[in-house]
Amino acid sequence: MAGGFLGKTLAAVSLSVALASVTVKYLGGGSVAACRNSLSSCRFHVNSNMMSGFHGTKHSHNKARTSPYPGSKVQRSQVPNDKVGWFVEWSDYNPVEYTAVSVLAGPRWADPQISESNFSPKFNEKDGQVERKSQNGLYEVENGRPRNPAGRTGLVGRGLLGRWGPNHAADPIITRWKRDRSGNKITHPISGKNILQFVAIKRKDCGEWAIPGGMVDPGEKISATLKREFGEEALNSLQKSSAEKRELQEKLHQLFSQEHLVIYKGYVDDPRNTDNAWMETEAVNYHDETGEIMDNLTLEAGDDAGKVKWMDISDKLKLYASHAQFIKLVAEKRDAHWSEDSETGCPG
């Protein structure tokens, strides 16, 4: 679909992504700098604060190349680090094809197979109520299938993901300061910085701790997804009575209507990613400075969450996918404790 000059452009972008030497810096209130038709219009900036995955580690999307594929015994074809990028010629590349039965069953949140005659998706644009644009700019489409902008994963098809191309999610990061019984902020004895806490859930599917979040429904605004997912997973809103839901919504409105920080928008290094389907997210931090709003909300695991709790933020966190990197960015933005090593991070 995209050929000639555009193809070379995207190959160069893929090279930058694979080497993780640059990252997209989001400017102007969280708007993404998108790649359009030439390298000169790609506003990439060196930014050591962005995520690991194709942000901050030597190679791109490590978790998107792990086996077995989540929820299955499927083994990906192995992709060496030096052949992740699409710009590298690899005539013998022979990825495994896999789409989960639950996706092929045709639930409302999933696309049909590309081969179905009545399915003509409009990639790289808004397709009815379904957003097929990527937060990271244009992606290539080859033989009718979109191609993962971060490179090869060793698996084609959609795996557990419903959409061909980008699958959009939203991750609300709810934070407060850790306080003692007198209400004073607690500082870390080594870094001397205040300790920040965030609401974490334990995922039922993999047992890992994570930010409560989920998929953006067709036609849904990101802000609505953030509030809905937090309510469902961290407050068990789906099991509340009508009166309880109304009361809960009023309290959530107070939290989600205040000033917030867009921490990250774009591709996520996720174990569910394939060559043709990948996760993208918008991670947003809502901070309860005094703690009064969240004091009036009782944490209760629900929906996809097995457990929920307040978790102290530090570099010792072990979280799902790239969530620890989101949390690190929040700590940096809030000037909170992250590491006991004062040398951590790059200047500038």
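Residues numbered from 1 in each chain as written. Predicted model: local features only at pLDDT ≥ 70, side-chain atom pairs only at ≥ 80, totals over all residues. Heavy atoms only, no water.

- As named in an unreviewed UniProt entry, the chain is ADP-ribose pyrophosphatase, mitochondrial, taken from Muntiacus muntjak.
- The record held by UniProt for the chain lists under Sequence similarities (unreviewed entry) the comment "Belongs to the Nudix hydrolase family. NudF subfamily."
- Under Subunit (unreviewed entry), UniProt gives the following word-for-word description of the chain: "Monomer. Interacts with GLOD4." (UniProt positions renumbered as here; feature names shortened; annotations may be inferred.)

Section: the pairing of strand S10 (residues 196-203)
For a regular strand, the rule is simple: side chains alternate between the two faces of the sheet.
Thinking step 1. Within S10, seven of the eight residues are buried, leaving the element largely enclosed by the surrounding structure.
Thinking step 2. Examined bridge by bridge, strand S9 (residues 165-177) and S10 share three bridges and lie antiparallel to one another. Its bridge partner being in S10, Thr-175 is matched across the sheet by Phe-198.
Thinking step 3. Note that S10 and strand S15 (residues 305-312) share seven bridges and pair antiparallel. Each residue of the ladder has a partner; that of Phe-198, found in S15, is Met-311.
Thinking step 4. Where S10 and strand S11 (residues 209-210) come together, two bridges link them in antiparallel fashion. Bridge assignment links Ile-201 to a residue of S11, and that residue is Ala-210.
Thinking step 5. Remark: five residues form the turn of the hairpin made by S10 and S11, two consecutive strands paired antiparallel; Gly-207 in that turn has positive phi of roughly 80°. (Buried < 20%, exposed > 50% of the residue type's maximum accessible area, 1.4 Å probe, protein only. Helix = DSSP H or I, 4+ residues; strand = E, 2+ residues; numbered from the N terminus. Pairing = 2+ DSSP bridges.)

Let's talk about the packing of aromatic side chains
Thinking step 1. For the structure shown, the criterion picks out eight aromatic pairs.
Thinking step 2. Centroid distance Trp-90 to Tyr-93: 4.8 Å. Interplanar angle 35°. Geometry classified as tilted.
Thinking step 3. We note Arg-152 situated over the ring of Tyr-93; from NZ or CZ to the ring centre the distance is 5.2 Å.
Thinking step 4. Of note, Arg-176 hangs over the ring of Trp-310, and the distance from its end group to the ring centre comes to 3.9 Å. (Phe/Tyr/Trp six-rings, centres within 6.5 Å; stacked < 30°, edge-to-face > 60°. Lys NZ or Arg CZ within 6 Å of the ring centre and 35° of its normal.)

Here's the deal with the side chain of Arg-147
Thinking step 1. With respect to the helices and strands, the residue Arg-147 is situated in the loop between strand S7 (145-146) and strand S8 (155-159).
Thinking step 2. Look at Arg-147 and you get buried, because its relative accessible area is 16%.
Thinking step 3. Among the polar contacts made by the side chain of Arg-147, one reaches the side chain of Glu-140 at a distance of 2.7 Å.
Thinking step 4. Among residues more than four places away in sequence, those in contact with Arg-147 are Trp-86, Tyr-139, Glu-140, Glu-142, Asp-275 and Trp-278. (Polar contact = N/O pair within 3.5 Å; in protein donor to acceptor, adjacent residues only side chain to side chain. Contact = heavy atoms within 4.5 Å.)

Focus on helix H6 (residues 323-333)
Thinking step 1. The buried fraction of H6 amounts to eight of the eleven residues, a majority that puts the element mostly inside the structure.
Thinking step 2. Along H6, the residues classified as buried are His-323, Ala-324, Phe-326, Ile-327, Lys-328, Leu-329, Val-330 and Ala-331.
Thinking step 3. Looking at the packing, one finds that the buried side of H6 touches S9, S10, S11, strand S13 (261-267) and strand S14 (277-288).

A short note on the UniProt feature "coiled-coil region" (unreviewed entry) in the chain
Thinking step 1. Here the UniProt feature "coiled-coil region" (unreviewed entry) sits at residues 231-258.
Thinking step 2. For residues 231-258, helix accounts for 68% and strand for 0%, while the C-alpha atoms at its two ends are 16 Å apart.

Observations concerning the nonpolar core
Thinking step 1. Of all hydrophobic cores here, the largest spans 36 residues; its most connected members are Ile-173, Phe-198, Leu-319 and Ile-327.
Thinking step 2. Only S9, S10, S13, S14 and H6 provide two or more residues apiece to this core.
Thinking step 3. Of the residues forming this core, the biggest block, six residues, is contributed by H6.
Thinking step 4. Setting aside residues up to four positions removed in sequence, Ile-327 forms contacts with Ile-173, Phe-198, Ile-211, Ile-313, Leu-317, Leu-319 and Trp-338.
Thinking step 5. Core analysis: the next-biggest nonpolar cluster, separate from the first, contains 21 residues, Ile-201, Leu-235, Tyr-286 and Leu-297 among them. (Core = buried A, V, L, I, M, F, W, Y, C linked by side-chain atoms within 4.5 Å.)

Brief notes about the pattern of salt bridges
Pairing of side chains with opposite charge becomes possible as their charged atoms draw close.
Thinking step 1. Inspection of the entire model under this criterion finds 19 salt bridges.
Thinking step 2. For Glu-220, the salt bridge identified is with Arg-228, shortest N-O distance 2.9 Å.
Thinking step 3. Three or more residues are tied together by salt bridges with common partners; here these are Asp-217, Glu-220, Arg-228, Glu-229 and Glu-232. (Salt bridge = Lys/Arg side-chain N within 4 Å of Asp/Glu carboxyl O.)

Quick notes on the packing of helix H3 (residues 222-234) against helix H4 (residues 242-256)
Thinking step 1. Packing of H3 against H4 leaves a shortest axis separation of 11 Å and a crossing angle of 130°. What the angle tells us is that H3 and H4 run oblique. Of the two possible hands of crossing, H3 and H4 adopt the one that is right-handed. Across from Leu-226, Lys-227, Phe-230 and Gly-231 in H3, the residues of H4 making contact are Gln-249, Leu-252, His-253 and Phe-256. (Axes fitted to C-alpha atoms, helices over the stretch in contact; angles between N-to-C directions. Parallel < 35°, antiparallel > 145°, perpendicular 65-115°, else oblique. Left-handed = near helix turned anticlockwise from the far one by under 90°.)

What about unusual backbone geometry?
Thinking step 1. A cis amide bond links Ser-67 with the next residue in sequence, Pro-68, at an omega value of -5°.
Thinking step 2. Assignment of secondary structure puts Pro-68 in the loop between strand S2 (44-45) and strand S3 (96-99).
Thinking step 3. Not every positive phi belongs to a glycine, and Asn-124 is a case in point at roughly 65°.
Thinking step 4. Mapped onto the elements of the fold, Asn-124 is located in the loop between helix H2 (101-104) and strand S4 (126-127).
Thinking step 5. Under the relative-accessibility criterion, Asn-124 is labelled buried at 19%.
Thinking step 6. Residues other than glycine seldom take positive phi values, yet Asn-143 does so here, at roughly 55°.
Thinking step 7. Along the chain, Asn-143 turns up in the loop between strand S6 (141-142) and S7.
Thinking step 8. By relative accessible area, which is 76% here, Asn-143 ends up exposed.

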